[in-house]
Amino acid sequence: AQKITQTQPGMFVQEKEAVTLDCTYDTSDPSYGLFWYKQPSSGEMIFLIYQGSYDQQNATEGRYSLNFQKARKSANLVISASQLGDSAMYFCAMREGPGSARQLTFGSGTQLTVLP
Amino acid sequence: GAVVSQHPSRVICKSGTSVKIECRSLDFQATTMFWYRQFPKQSLMLMATSNEGSKATYEQGVEKDKFLINHASLTLSTLTVTSAHPEDSSFYICSASYPGARGMNTEAFFGQGTRLTVV
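Worth saying up front: this structure is predicted, and the values here are computed from it rather than measured.

Conventions we followed
- Residues numbered from 1 in each chain as written.
- Chains lettered and ligands numbered in written order.
- Predicted model: local features only at pLDDT ≥ 70, side-chain atom pairs only at ≥ 80, totals over all residues.
- Heavy atoms only, no water.
- Helix = DSSP H or I, 4+ residues; strand = E, 2+ residues; numbered from the N terminus.
- Disulfide = S-S within 2.5 Å.
- Buried < 20%, exposed > 50% of the residue type's maximum accessible area, 1.4 Å probe, protein only.
- Contact = heavy atoms within 4.5 Å.
- Buried area = accessible area lost by both parts, 1.4 Å probe.
- Salt bridge = Lys/Arg side-chain N within 4 Å of Asp/Glu carboxyl O.
- Polar contact = N/O pair within 3.5 Å; in protein donor to acceptor, adjacent residues only side chain to side chain.
- Nonpolar A, V, L, I, M, F, W, Y, C, P; charged D, E, K, R; others polar.

Visitor: Explain unusual backbone geometry here, please?
Guide: The general pattern is negative phi for most residues beyond glycine and trans for most peptide bonds. Residue B:Pro8 is reached from B:His7 by a cis peptide bond, and omega for that bond is 0 degrees. Examined against the element boundaries, B:Pro8 turns out to sit in the loop between strand E1 (4–7) and strand E2 (10–13). For A:Ala81, which is not a glycine, the phi torsion comes out positive at approximately 50 degrees. Relative to the helices and strands, A:Ala81 is located in the loop between strand E9 (74–79) and strand E10 (88–96).

Visitor: Even after reading the chapter, I still don't get the state of the cysteines, so can you show me in this structure?
Guide: Enumeration over the complete set of coordinates arrives at two disulfides over all chains. What pairs with A:Cys23 in a disulfide is A:Cys92, and their sulfur atoms sit 2.0 Å apart. The S-S bond linking A:Cys23 to A:Cys92 shows a torsion near -65 degrees; that makes this disulfide left-handed. Here A:Cys23 is found in the loop between strand E3 (19–21) and strand E4 (24–25), whereas its partner A:Cys92 is found in strand E10, with 69 residues between them in sequence. Residue classification places A:Cys23 among the buried residues on the basis of a relative accessible area of 0%. Residue class for A:Cys92 comes out buried when judged on its relative accessible area of 0%. The partner cysteine of B:Cys23 in its disulfide is B:Cys94, sulfur to sulfur 2.0 Å. Torsion about the S-S bond of the B:Cys23 and B:Cys94 cystine: about 85 degrees, corresponding to right-handed handedness. In this pair, B:Cys23 sits in strand E3 (residues 19–25) while B:Cys94 sits in strand E9 (residues 90–98), placing the two residues 71 residues apart along the sequence. On the basis of relative accessible area, B:Cys23 is assigned to the buried category, the value being 0%. Residue classification places B:Cys94 among the buried positions, given a relative accessible area of 0%. Between B:Cys13, a free cysteine, and B:Cys94, which holds the nearest cysteine sulfur, the sulfur-to-sulfur gap is 18 Å.

Visitor: Teacher, can you tell me more about the interface of chain A and chain B here?
Guide: By a widespread convention, an interface's size corresponds to the accessible area lost as its parts come together. Across the boundary between the two partners, chain A contributes 21 residues, which contact 20 residues of chain B. For the pair chain A and chain B, the summed buried surface comes to about 1,700 Å²; carbon and sulfur atoms form 55% of the total. Remark: the boundary between chain A and chain B carries zero salt bridges. Our enumeration of links across chain A and chain B arrives at three residue pairs in polar contact (both at pLDDT 80 or more). Within the residue set of the side of chain A that touches chain B, elements represented by two or more residues are strand E5 (32–39), strand E6 (46–52) and E10 of chain A. Take the side of chain A that touches chain B: its biggest share by element is three residues, from E5(A). Split into classes, the residues belonging to the side of chain A that touches chain B amount to nine nonpolar, nine polar and three charged.

Rendered as C-alpha cells:
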C-alpha cells in the first residue's frame, strides 16, 4: 500500500483564490510527522509546513495551513490568496517514528498552476 | 536557519566515467543524511541513508557498488556514481534533518540538487 497518496496530478487555481491540495497517508506508527514541500522548476525542495502526529492544532505558516484530520489520515495543504509564484510541484511527505534520523517518504506530487 | 549545500548543481559526464556529488550541512552537524533520486515529473525516491562513520544503508534495488556513499564527517556526505551510463541521468538530491527551534524534528532540509546528464 502507498504510504503517501496525492490524488491530484494537476491543479489549477485563479490568482488570489485559495486552493487545497490533497494528501492521505498510511502508517501504524503512533509517532509521525507530515511535511509539505514546494519544488519549482529549478528543482530545489522548499519546506512549507510541518504537522506532528501529536500536535493538537493544525499547523499554519503564513499563507499555508495544514488541514490535519488524524482519524481520516489526511493532511491537506491549503494555500490562501494564491500568487503566480506559487506555480510549482507540491509534495506531501511523511516521516515515521520519533527522531529526525529517519527518511521521508514522498507522495507522487501535485503540479499547481496559478492562472492570472 | 539550517542550510544544506549540494555541489555541483549540474554535471555532464561521458559514459563510463565517475561523478562525485557533495552534500554539506553548513551550520549544524548531521549524523544522518539521505540521498534521493528523482526522474522527470516523478517523486523523490530514497536511494540510501548515509551514516557518519559507518556504512551506508541502501534501499532495495539500489546498487551499492555503483552508488558509493561516504560520510566521513558530521558535515559532509558524498555520493559517487561510478561508471556512469545514460540511464543514470537523473536529479540527485540530499537531505539532512535538523531539530529546529522547537526541538521537535520539525524540518528536513534539502540540498539544491544535482542534475546529472551522462552522454
